[in-house]
Amino acid sequence: MDMAWLDVFRTVAHLGSFTAAGERLGFTQSAVSRQIATLEAELGAQLFDRLARGVRLTEHGRTLLPHAEALLERLDTTRRDLVALTELGAGRLRVGAFDSANAELVPSALAAFRAAHPRVEIAPTEGLTAHLLERLADGAIDLAVVASYTRDAEAAYDTEQFDVRPLLDDPVLVALPPGHRLATRRRLRLAELADEPWIAASRHPESTLLAACVRSGFQPRIEYAVGAWTAKLGLVAAGLGPTLIPSLAARAARPDVTLVPLHPDDTPVRHVCTATRRGRQTAPAVAAFTGFLRAAAGN
């Protein structure tokens, strides 16, 4: 059934005239008459009594009218909802990111997005890259901010499943306790810290940022193993040793911790990317947020 026929039927019912309905809808009287006749044939019932002056609903017509109005209202609501999604007057944005990206990069982009599109529901989540990609594959999030120390996306990610786009490079810094003998240096070689008691996420340096120490020719002595950046930097501030920290987390660093760049030959660099499901249409909210995310990365 053509919904346009129901719109014509509703208009004729309210105005009581094929001619008046045609003038309202921009049709000729004969075009209105044909559409009503087609609807009556479709339903197998006469909807109007044709009178000398105008028309009047039959019992079948009176029964149909509230249903036609409800269907047309539902269609109008659906159209409005779809327009709202397209124009970002509604909808949702489900974005996942790793912890240091959530220190400033993602919140800055989310704040700008919220200011521009206040009616879009935002649902952020946090996790390691592998976990975020699992959630992306399951449809639990729409966009993931992920990172790898491998620049080659095909080597780092399943590019048949995910569309991975470069966002920024995130060099690692060394965080030193206040008053440390090397805190005033413009940049450091890791070997200069070979005898320090290190702070890391694990006592196995190969699985942490301290793998860079191994590549620099020494096995770091990991004195304290803690996972959260706040805990690591708290231990650094207490003078218990240095740690390595991504630049993305630098803005969240304590004021009583000194961050020093490493020599380029010693600097691990994380390659931060956006990831979406390949082969799926990008939702308007995701496309808009990606623009804000790139702007935040550029800043």
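Report follows, based on the coordinates. These numbers come from a predicted model, not from an experiment.

Some remarks on the pattern of salt bridges
Considering all chains together, one arrives at 13 salt bridges under this definition. We note a salt bridge from Asp163 to Arg165, for which the minimum N-O separation is 3.0 Å. Here Arg165 falls in the partly exposed class, since its relative accessible area comes to 45%. As a salt-bridge pair, Glu192 and Arg185 come within 2.8 Å of each other at their nearest N and O atoms. Judged by its relative accessible area of 34%, Arg185 falls in the partly exposed class. Several salt bridges converge on common partners, so that one network encompasses Asp163, Arg165 and Arg278.

Description of the pairing of strand E4 (residues 121-126)
Pairing of strand E3 (residues 92-97) with E4, which is carried by six bridges, proceeds in the parallel orientation. By the bridge assignment, Arg92 is partnered in E4 with Glu121. On the question of chirality, the crossover connecting E3 to the parallel E4 by way of helix H5 (residues 105-116) is right-handed.

With respect to the nonpolar core
The biggest cluster of nonpolar side chains holds 31 residues, and the ones touching the most others in it are Val174, Leu176, Leu188, Leu190, Trp198 and Leu244. Elements represented by at least two residues in this core include exactly strand E6 (162-176), strand E7 (197-200), helix H8 (211-215), helix H9 (229-237) and strand E9 (243-246). Grouped together as the second largest cluster of nonpolar side chains are 25 residues, Phe98, Phe113, Ala285 and Phe289 included.

Structural notes on the packing of helix H1 (residues 3-15) against helix H3 (residues 29-43)
Contact geometry for H1 and H3: axes closest at 9 Å, N-to-C directions at 110 degrees. Compared by their axis directions, H1 and H3 come out roughly perpendicular. Considering how the two elements wind past one another, H1 and H3 form a crossing that is left-handed. Across from Ala4, Trp5, Leu6, Val8, Phe9 and Val12 in H1, the residues of H3 making contact are Val32, Gln35, Ile36, Thr38, Leu39 and Glu42.

Topic: the packing of helix H2 (residues 18-25) against H3
Close contact between H2 and H3 brings their axes to 8 Å; oriented N to C, the two are set at 105 degrees. By the angle class used here, H2 and H3 are roughly perpendicular. Of the residues in H3, those touching H2 at Phe18, Thr19, Ala21 and Gly22 are Gln29, Val32, Ser33 and Ile36. When grouped by side-chain class, the residues that make up the contact of H2 with H3 number four nonpolar, four polar and no charged.

As for the pairing of strand E5 (residues 143-148)
Across the six residues that make up E5, a large majority, six, are buried. Here E5 shows two buried faces, one formed by Leu143, Val145 and Ala147 and the other by Ala144, Val146 and Ser148. When E3 meets E5, the two strands line up parallel, connected through three bridges. By the bridge assignment for E5, Gly96 is matched with Ala144. As judged from the five bridges shared by E5 and strand E11 (residues 269-277), these two strands associate in the antiparallel manner. Considered in E11, the bridge of Ser148 is made with His271.

About the thresholds
Here, residues in each chain are numbered from 1, in the same order as that chain's written sequence. Local features in this predicted model are restricted to residues whose pLDDT is 70 or higher, and side-chain atom pairs enter the listing and the counts only when it is 80 or higher, whereas totals over whole chains, interfaces and linings include all residues. Hydrogens and water are ignored here; the side-chain numbers use all heavy atoms of the structure. Salt bridge, as used here: a side-chain nitrogen of Lys or Arg that lies within 4 Å of a carboxyl oxygen of Asp or Glu. Burial classes: relative accessible area under 20% of the type maximum marks a residue as buried, over 50% as exposed, and values in between as partly exposed (1.4 Å probe, protein chains only). Strand pairing is assigned whenever DSSP detects at least two bridges linking the two strands. For helices the rule is a DSSP run of H or I covering at least 4 residues; for strands it is a run of E covering at least 2, with both sets numbered from the N terminus onward. The handedness of a crossover follows from its direction of travel: if, with the strands pointing away from the viewer, the path from the first strand over the helix to the second runs clockwise, the crossover is right-handed. In this text, buried Ala, Val, Leu, Ile, Met, Phe, Trp, Tyr and Cys residues form a nonpolar core when linked through side-chain atoms within 4.5 Å. Only the stretch in contact is used when a helix axis is fitted, and all axes are lines through C-alpha atoms; the angle between N-to-C directions ranges over 0 to 180 degrees. Angle categories: roughly parallel below 35 degrees, roughly antiparallel above 145, roughly perpendicular from 65 to 115, and oblique for all the rest. Each crossing gets its hand from how the near helix is turned against the far one by less than a right angle, where anticlockwise is left-handed and clockwise is right-handed. Any two residues having at least one pair of non-hydrogen atoms within 4.5 Å are treated as being in contact. Any residue that is not Ala, Val, Leu, Ile, Met, Phe, Trp, Tyr, Cys, Pro, Asp, Glu, Lys or Arg is counted as polar, Gly included; the first ten are nonpolar and the last four charged.

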